[in-house]
Amino acid sequence: MEAAIQDLHDRTLANLPEVLTRLIYLSSTRDYNTGEYQHAGLADRYGPDTAQKALAGCHQAAFENLLYTDLADLVRQLAAYIESIGAERDQVLDTWRGLQAYRVLIPNACDDLSAELFTSNIKIALEALRAEPAVAPAH
Amino acid sequence: MTGLMILIGLVMALLLLFWAVGRGRADFGANRAEEESPVRLPPKALLGRCLSIEDVEFAAQLASPRILRLLLRERRRLALKWLRQTRREAGRLLRQHVRAARHAADLRPAAEVRLWFHAGLFLMVYEVLMTAVRLYGPFRTRAFVRSVFAMAGVLTNLGDRIAGAITAGRGHAVREAEGT
């Protein structure tokens, strides 16, 4: 499985600059109905089971990394992400708040308390971005 | 004087312990499956995130009292939840141990006394922390946050010690049963 994780990191994750974007990418490879991860290239190279485990492991790692990121950095990453997708910032903030789409970023094996802390942090970060439009993605 | 204080402390610990075991027994019938599932003490690092001073400073500099209030309210709620969950899991661990001990042929009294002493201490620290976080919130002062975090460390260590003592006891019982 280590080889599959390294492969995933080298070919895909390394090109994503922030933990938040990696988390969004990894959760997007998960089927919302079955909870199973789909990645054709990785499955072809390492088999479906190994690809599944590699994606789940990377998803969990990215989630924990972001969970322990301080609020200022989370707000910066969120601002950078919104800027990168090129959509209207207020519209994205409204949608994220209304639909709570960020809940799909939580991995399957996550405990309740971590999930609650994560959603709480995202809610506060969204409020911070709304209150402070000048929070710029500084690198 | 010191002897009297130790005695009062021990009596309080025992009372708390009886209360906790009794409460656990009352809940037990309804949640058999949950009781048998593996015990998972929440990581101390999660409480560290809840008590992050950097986050409070960041929210304060946004100059939005609403966001600061939201952050403080959320973090207090989550800190209390961390404490309750730690207490619940430690209680479950003890109840699992009590059930296992009923059938153990080789109970070691010294180890049992040590275990229940740690459990009593755990409950005392838990009650102190719950009261402090409820009354003052987790962020009143830096010094207070440090002391809360230090006490949470004591709580986590006691939880680990209880788990360690129970695991060691089980290992000993298995070795005895296997005759090694």
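Just so it is clear, the structure is predicted and the values come from calculations on it, not from any experiment.

Basis of the calculations
Residues numbered from 1 in each chain as written. Chains lettered and ligands numbered in written order. Predicted model: local features only at pLDDT ≥ 70, side-chain atom pairs only at ≥ 80, totals over all residues. Helix = DSSP H or I, 4+ residues; strand = E, 2+ residues; numbered from the N terminus. Contact = placed C-beta atoms within 7 Å. pLDDT = per-residue confidence, 0-100. Core = buried A, V, L, I, M, F, W, Y, C linked by C-beta atoms within 7 Å. Buried ≥ 20, exposed ≤ 12 C-beta atoms within 10 Å, placed from the backbone. Domains from an automatic or database assignment. Nonpolar A, V, L, I, M, F, W, Y, C, P; charged D, E, K, R; others polar. Axes fitted to C-alpha atoms, helices over the stretch in contact; angles between N-to-C directions. Parallel < 35°, antiparallel > 145°, perpendicular 65-115°, else oblique. Left-handed = near helix turned anticlockwise from the far one by under 90°.

Let us look at the environment of Gln38 of chain A. With respect to the element layout, Gln38 of chain A can be found in the loop between α2 (19-28) and α3 (40-46). Residues within four places of Gln38 of chain A in sequence aside, it is in contact with Thr29 and Asp31 of chain A.

A few words now on the confidence of the model for chain B. All names here are of chain B. Residues at a pLDDT of 70 or more form 68% of chain B, whose mean pLDDT is 76. By mean pLDDT, the top-scoring element of chain B is helix α4 (residues 53-61) (91), and the lowest-scoring one is helix α1 (residues 2-28) (60). Scored below 50 in pLDDT, residues 176-180 makes 2 contacts in the model with residues more than four places away or belonging to other chains. This prediction of the complex comes with two scores: 0.78 for pTM and 0.87 for ipTM.

Counting residues in hydrophobic clusters, the biggest one holds 62 residues, and the most contacted among them are Ala125 of chain A together with Phe122 and Ile162 of chain B. Both domains that meet at this core, namely domain 1 (2-67) and domain 2 (71-131) of chain A, each give it at least three residues. If sequence neighbours within four positions are ignored, Ile162 of chain B has contacts with Ala90, Leu93, Leu94, Leu115, His118, Ala119 and Phe122 of chain B.

Now for the domain arrangement of chain A. All names here are of chain A. Each assigned domain of chain A is listed here: domain 1 (2-67) and domain 2 (71-131). Its C-alpha centre places domain 1 at a distance of 20 Å from the equivalent point of domain 2. With 15 residues of domain 1 in contact, the opposing surface of domain 2 contributes 15 residues. Elements represented by at least two residues in the side of domain 1 that touches domain 2 include exactly α2 and α4 (48-67). Classifying every residue of the side of domain 1 that touches domain 2 by side-chain character gives 9 nonpolar, 5 polar and 1 charged.

Our next topic: the interface of chain B and chain A. Between chain B and chain A, the contact holds 21 residues from the first and 16 residues from the second. The set of elements that each furnish at least two residues to the side of chain B that touches chain A consists of α3 (44-50), α4 and α5 (65-102) of chain B. When residues in the side of chain B that touches chain A are grouped by element, the largest group, 8 residues, is from α5 of chain B. Its residues placed into classes, the side of chain B that touches chain A shows 12 nonpolar, 3 polar and 6 charged.

Glancing now at the packing of α4 of chain B against α5 of chain B. All names here are of chain B. At a minimum axis separation of 8 Å, α4 and α5 run at an interaxial angle of 160 degrees. Comparing the axis directions of α4 and α5 gives the class roughly antiparallel. Considering only the axes of α4 and α5, their crossing is right-handed. Judged by residue contacts, Asp55, Val56, Ala59 and Ala60 of α4 engage Ile67, Leu68 and Leu71 from α5.

What follows concerns unusual backbone geometry. In this structure, Gln100 of chain A is a non-glycine residue whose phi angle is positive, near 50 degrees. Relative to the assigned elements, Gln100 of chain A resides in the loop between α6 (89-99) and α7 (112-131). The class of Gln100 of chain A is partly exposed, set by 13 C-beta atoms lying within 10 Å. For Ala63 of chain B, which is not glycine, the phi torsion reads 55 degrees and is therefore positive. Structurally, Ala63 of chain B is set in the loop between α4 and α5. Classification of Ala63 of chain B by C-beta neighbours within 10 Å gives exposed; the count is 10.

For any two helices packed against each other, the geometry is given by the interaxial angle and the distance between the axes. Residues and elements named next belong to chain A. Look at α2 against helix α5 (residues 71-85): their axes get within 8 Å of each other, and the N-to-C directions meet at 60 degrees. One way to sum up the angle between α2 and α5 is to call them oblique. Side by side, α2 and α5 meet where Val19, Leu20 and Thr21 of the first sit next to Gln77, Leu78 and Tyr81 of the second. Taken together, the residues of the contact of α2 with α5 break down into 4 nonpolar, 2 polar and no charged.

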